[in-house]
Amino acid sequence: MRPSGTIAFHDLAPKLESFRDAVLDGLSQPRKRIPCRFLYDERGSDLFEAICETPEYYPTRTEMSILKKHARKIAKLIGPEATLIEYGSGAGQKVKLLLRTLDRPRAYAGIDVSREILLRATDDLSMAAPGLEVVAICADFLTPIALPPSLRRGGGRRVAFFPGSSIGNLTPEEATRFLAQCRAMVGPQGAMLIGVDLKKDPARLNAAYNDAAGITAAFTLNLLERMNRELGADFIIERFAHHATYERSVGRVAIHIRSLVDQTATVAGRRFRFAKGEGIHTEDSWKYAVSDFQMLARDAGYTPLACWTDSADLFSVHYLAA
Ligand SMILES: C[S@@+](CC[C@H](N)C(=O)[O-])C[C@H]1O[C@@H](n2cnc3c(N)ncnc32)[C@H](O)[C@@H]1O
């Protein structure tokens, strides 16, 4: 998809070499791993949207219900003429809920590594909200991003919006550093609105990451297909399986691609051995208690001003003043 005329598009996307280098480096480690941002090519993003529709995956609908229920209170805290900067914006459905109740929002920037979904979502938003300045930034949000000058102007608050509990993909130490980086970006009057998945019954978590229809498995294994497509790899997908399990003692769901047999595969001209049962770590999803996350936010320099949860305490949304 090409950017339409109504959005400003900044293409800072990591190049093919960065995927190849990350894969070759990650598969050479004693414990093989590939950073989770590479799960999101066009197909990966579409599969993630399908995961959100599965009956087991409660985070998306629960977060949406919290945002809907508390929209007025959130709008009051954010105030008029705000600029929203959404990290890992994906399909951009949640920000639409916010924009409906905000007082004359001024601008919106979506940041995502997945170019197609970013362009689709920002294009859609610019049509739904004609007066809003809409900017699409295709970039890795873990690297510092200079905001375009138009987003640094204006009287309203700058608010970083980080839904989907994507913060859980980072270790608590990385999360603290990332939140501090966002705090510098929104400035002293700014804020962060962030969705955080809560610690809960392991059975519920294990079900959410192992849906019966196998969509999460397809999402994880798409990483092998992506390597076959983009890096000339020769993975035989049926010889691998998705493996996700909640590690209660540390509070995280760890996700791996597990080799079902002893085998080798070639990636970008290099041969790698996989023992039966060996994993490639693809993603973690850290879970928090509300008080633990507020402590982490304080360590990053924020003042937690509000936190909303659903009646079953599955998910939390925090408003943090910078
Ligand atoms: C779990 S999905 C959440 C999507 C959406 N925000 C939601 O709440 O439903 C994570 C999104 O972040 C993007 N993403 C993951 N890692 C990223 C990174 N390092 N830089 C930029 N975008 C990233 C993915 O492409 C994907 O769209």
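These notes cover the structure that comes with them.

Cut-offs and rules
Residues numbered from 1 in each chain as written. Predicted model: local features only at pLDDT ≥ 70, side-chain atom pairs only at ≥ 80, totals over all residues. Heavy atoms only, no water. 1 Å grid on protein atoms, 1.4 Å probe; cavity = no way out; pocket = protein on both sides within 12 Å on 5 of 7 lines; lining within 4 Å. Points joined across faces, edges and corners; volume = space filled by probe spheres on them. Helix = DSSP H or I, 4+ residues; strand = E, 2+ residues; numbered from the N terminus. Buried < 20%, exposed > 50% of the residue type's maximum accessible area, 1.4 Å probe, protein only. Arc of directions from axis to C-beta. Phe/Tyr/Trp six-rings, centres within 6.5 Å; stacked < 30°, edge-to-face > 60°. Lys NZ or Arg CZ within 6 Å of the ring centre and 35° of its normal. Contact = heavy atoms within 4.5 Å. Salt bridge = Lys/Arg side-chain N within 4 Å of Asp/Glu carboxyl O.

To continue, consider empty space enclosed by the protein. Scanning the entire structure with this criterion turns up one cavity of 30 Å³ or more. The computed volume of the largest cavity comes to approximately 40 Å³. Every residue along the wall of the largest cavity is listed here: Ser89, Gly90, Gly92, Val95, Tyr108, Ala121, Thr122 and Leu125. The greatest single-element share of the lining of the largest cavity, amounting to three residues, is contributed by helix H6 (residues 115-128).

Among the residues of helix H4 (residues 71-78), those classed as buried are Ala71, Ile74, Ala75 and Ile78. Looking straight down H4, one finds its buried side chains confined to an arc of 100°; they lie on one side. Facing away from the buried surface of H4 by more than 90 degrees, the exposed residues are Arg72 and Lys76. Immediately downstream of H4, the backbone of Gly79 shows phi near 80°, a positive value.

In this section: the packing of aromatic side chains. Within this structure, the stated rule accounts for 16 aromatic pairs. Here the aromatic rings of Tyr87 and Phe162 are separated by 6.1 Å at their centres, their planes lie at 75°, and the arrangement is edge-to-face. Of the two residues, Tyr87 sits in strand E2 (residues 83-87) while Phe162 sits in strand E5 (residues 158-162), which places them 75 residues apart along the sequence. The same class applies to Tyr87 and to Phe162, which are both buried. Every member of this aromatic cluster is reached through a ring pair, and the members are Tyr40, Phe48, Tyr57, Tyr209 and Phe219. Its end group placed over the ring of Phe19, Arg226 keeps NZ or CZ at 4.3 Å from the ring centre.

This paragraph deals with the environment of Phe48. Within the secondary structure, Phe48 is located in helix H2 (residues 42-52). Taking C-alpha positions, Phe48 is 8.3 Å from Ile215, a pair spaced 167 residues apart along the chain. Among all residues touching Phe48, those that are not within four sequence positions of it are Tyr40, Tyr57 and Phe219.

Under the counting rule described, the total for this entry stands at 20 salt bridges. When the shortest N-O distance is used, the salt bridge between Lys32 and Glu278 registers 2.6 Å. Placement of the pair is Lys32 in the loop between helix H1 (16-27) and H2 and Glu278 in the loop between strand E10 (270-274) and strand E11 (279-286), with a sequence separation of 246 residues. The pair Lys32 / Glu278 is uniform in exposure class, with both members buried. Asp197 serves as the salt-bridge partner of Lys200, at 2.9 Å between the closest nitrogen and oxygen.

Attention now moves to the side chain of Asp197. Relative to the assigned elements, Asp197 resides in strand E6 (residues 191-197). If we skip the residues at most four places from it in the chain, Asp197 touches Tyr58, Pro59, Ser165, Leu205, Tyr209, Lys287, Tyr288, Leu314 and Phe315.

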